[in-house]
Amino acid sequence: MITVCDNARESCPIWPRQAIVAHWGSQDPDKAEGSEEDRRRVFQRVGAELYRRIGLFTSLPMEGLDDLKLEQMTRQSDSSRP
């Protein structure tokens, strides 16, 4: 499970089995302030961040990774944020 906003991180549901969890905190673009151009830039930036993180995540070698190692690598993709 990957959460992207702080609200979801704090109110994350309970799963029947232990899930691999990571938080990729991003600014909520819907709450961005400023001109239409400023707001558009926030949407584009957040979209680009998620695109990059998903690309890193999907390039992980899933076969042969145990859950703990996969969770660590997923969390590391968040720490590579600019």
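Please read these numbers as outputs of a predicted model, since none were measured by experiment.

**Thoughts on the confidence of the model for the protein chain**
And step 1. On average, the protein chain scores 78 in pLDDT, and the residues at 70 or more come to 68%.
And step 2. When mean pLDDT is compared element by element in the protein chain, helix α2 (residues 36–58) scores highest at 92, while helix α1 (residues 6–10) scores lowest at 65.

**Quick notes on the pattern of salt bridges**
And step 1. Scanning the entire structure with this criterion turns up 4 salt bridges.
And step 2. Between E37 and R41 there is a salt bridge; the shortest N-O distance is 3.5 Å. Separated by 4 residues within a single helix, E37 and R41 lie in helix α2, roughly one turn from each other.
And step 3. A salt bridge links R45 to E49; the nearest nitrogen and oxygen atoms lie 2.9 Å apart. Residue R45 and its partner E49 are located together in helix α2, separated by 4 residues, close to a single helical turn.

**Some thoughts on the environment of R45**
And step 1. We classify R45 as partly exposed; its relative accessible area is 35%.
And step 2. Along the sequence, R45 and Q27 sit 18 residues apart, while their C-alpha atoms lie 9.3 Å from each other.

**Comments concerning the packing of aromatic side chains**
And step 1. Evaluation of the coordinates by the stated rule reveals 1 aromatic pair.
And step 2. When the centroid spacing of 6.3 Å and the interplanar angle of 70 degrees are considered together, the rings of W24 and F57 count as edge-to-face. Here W24, found in the loop between β2 (22–23) and α2, pairs with F57, found in helix α2; they are 33 residues apart in sequence, far enough to count as distant.

Parameters at a glance
Residues numbered from 1 in each chain as written. Predicted model: local features only at pLDDT ≥ 70, side-chain atom pairs only at ≥ 80, totals over all residues. Heavy atoms only, no water. pLDDT = per-residue confidence, 0-100. Helix = DSSP H or I, 4+ residues; strand = E, 2+ residues; numbered from the N terminus. Salt bridge = Lys/Arg side-chain N within 4 Å of Asp/Glu carboxyl O. Buried < 20%, exposed > 50% of the residue type's maximum accessible area, 1.4 Å probe, protein only. Phe/Tyr/Trp six-rings, centres within 6.5 Å; stacked < 30°, edge-to-face > 60°.

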